[in-house]
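# Results of the structural survey
Here is how the chains run, residue by residue.
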Amino acid sequence: MENLCYKVKTPLRIDGRLDEEAWRKAPWSPRFVDVVGGTPALYDSRAAVLWDERNLYVGFWAEEPFPVATIERRDGYLWFENDLEVFIDGIDTYYEFQISARNTVYEVFYIWKDAYEKGGWITRPEFDVIRNDARVFGGNHDRQGCHFWTGDHPRGNRWAFLNWDFPGMRSAVHVDGPINDPHTPAKGWFAEIAFPWSGMKDLAGGRTIPPEEGDEWRIFLGRYNNLAINGGHTSVGWAWDPVGSDDNHRPEAFTTFRFTKRFAEDR
């Protein structure tokens, strides 16, 4: 199935409500599926992607009867609670974004080590691995068994810059009900994010920004939840498309979006 990313006629308000005409007419994802096996998610989770000359826009709806979000510190480890996630593939780089129901944000910029020197990243102060205390990262499996230190991705390790913030990124959430209240049910929450194209130069991978008609980008849109089950907690991951692994740091498996200059409002 082709995933088209439609343009919007006027810039979107980033208020987390997703009530503008462009969002109503955007092609929304089907119900998210399990990231490993592709079975339908327990809670309804959906996403849509739009754009204009200034921004890439991402919208989420997450059904959640008891939203939990206590982490307030920026770049706190949101996946230990519940979050929505956006990964943007930059071919030799990729970017990870997480957001909670209280609009706390976590961001990391990754550069594959096999491209770090030949791509010229090594000469740029903002990607100096010592000055920026970059971490070596091998994916979610880099501390397991025979994959210890290196992970199991064919490209091997990547440099992870935890201090990198997407220039000009804006986000907002709207919770339909109470938050951090285990006794009063909610319906869920919305998230809305604007990623300026001006901040995408290190993710373009030679592509034109803003994109041209027919350009394709790979983007992971997912959700991670901790479910209270049988007296314990179980972590689950759901996404627009499965990646076939509990390691979602696999850009080749991200959902492919083709950009069109047709307007969402005209659909």
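It should be noted that the structure appears before, not after, this text.
Description of the structure in this document. (Residues numbered from 1 in each chain as written. Predicted model: local features only at pLDDT ≥ 70, side-chain atom pairs only at ≥ 80, totals over all residues. Heavy atoms only, no water.)

With that settled, the discussion passes to the overall build of the protein chain. Of the regular secondary structure elements, the protein chain holds two helices and 14 strands. In terms of overall dimensions, the protein chain has a C-alpha envelope of 50 × 50 × 35 Å along the principal axes. Considering the protein chain as a whole, with its 267 residues, one finds that 53% of them fall into the buried category. Total accessible area on the protein chain is roughly 12000 Å²; 51% of this is exposed by carbon and sulfur atoms. (Helix = DSSP H or I, 4+ residues; strand = E, 2+ residues; numbered from the N terminus. Buried < 20%, exposed > 50% of the residue type's maximum accessible area, 1.4 Å probe, protein only. Areas by Shrake-Rupley, 256 points an atom, 1.4 Å probe, with all protein chains shown as cover.)

The buried count for strand 11 (residues 188-196) comes to eight of nine residues, which makes it a mostly enclosed element. Relative to strand 11, strand 10 (residues 170-176) is paired through seven bridges, and the arrangement is antiparallel. When the sheet's bridge partners are listed, H174 is paired in strand 11 with F190. (Pairing = 2+ DSSP bridges.)

With that out of the way, let us pick up the pattern of salt bridges. Close approach of charged atoms allows side chains of opposite charge to pair. Applying the stated criterion to the full structure yields 21 salt bridges. With a shortest N-O distance of 3.4 Å, D15 and R13 are connected by a salt bridge. R250 is paired through a salt bridge with D152; the nearest N and O atoms lie 2.6 Å apart. Residue R250 is located in the loop between strand 13 (232-239) and strand 14 (255-263), and its partner D152 is located in the loop between strand 8 (135-137) and strand 9 (158-161); the two are separated by 98 residues in the primary sequence. What you see here is one network of salt bridges that share partners, running through R13, D15, D19 and E20. (Salt bridge = Lys/Arg side-chain N within 4 Å of Asp/Glu carboxyl O.)

With six of seven residues buried, strand 3 (residues 45-51) lies mostly within the body of the structure. Inspection of the sheet shows strand 1 (residues 4-7) paired to strand 3 by two bridges, in the parallel sense. The residue of strand 3 that forms the bridge with K7 is W51. Sheet topology places strand 3 next to strand 4 (residues 55-63); seven bridges connect them, and they run antiparallel. Note on strand 4: the bridge partner recorded for L50 is Y57.

Looking now at the side chain of H249. Summarising the element assignment, H249 is placed in the loop between strand 13 and strand 14. Note on H249: relative accessible area 3%, which makes it buried. Separated by 2.8 Å, the side chains of H249 and Y94 make a polar contact. Other than its neighbours up to four places away in sequence, H249 contacts F87, Y94, E96, Y110, F137, G139, N140, H153 and R158. (Polar contact = N/O pair within 3.5 Å; in protein donor to acceptor, adjacent residues only side chain to side chain. Contact = heavy atoms within 4.5 Å.)

A few words on the environment of P65. Mapped onto the elements, P65 comes out in the loop between strand 4 and strand 5 (83-89). Placed 115 residues apart in sequence, P65 and N180 show a C-alpha to C-alpha distance of 10 Å.

The subject of this paragraph is the environment of K7. With respect to the helices and strands, the residue K7 is situated in strand 1. A relative accessible area of 12% means that K7 is categorised as buried. Sequence separation of K7 and L56 is 49 residues, and the distance between their C-alpha atoms is 9.3 Å. Not counting residues within four places of it along the chain, the set of residues in contact with K7 comprises W51, D52, E53, T260, K261, R262, F263, A264 and E265. Looking at K7, its side chain comes within polar contact range of the side chain of E53, at 2.6 Å.

Attention now moves to the environment of R262. Within the secondary structure, R262 sits in strand 14. As a C-alpha pair, R262 and C5 span 257 residues in sequence and 8.9 Å in three-dimensional space. Non-local contacts of R262, meaning those with residues more than four positions away in its chain, are made with L4, Y6, K7 and E213.

What follows deals with unusual backbone geometry. In the segment running from I209 into P210, the intervening peptide bond is cis, with an omega of -5°. Position of P210 relative to the elements: it lies in the loop between strand 11 and strand 12 (216-229). In this structure, L18 takes a positive phi of about 55° despite not being glycine. Note on placement: L18 falls in the loop between strand 1 and helix 1 (21-25). Despite not being glycine, I91 shows a phi value in the positive range, around 75°.

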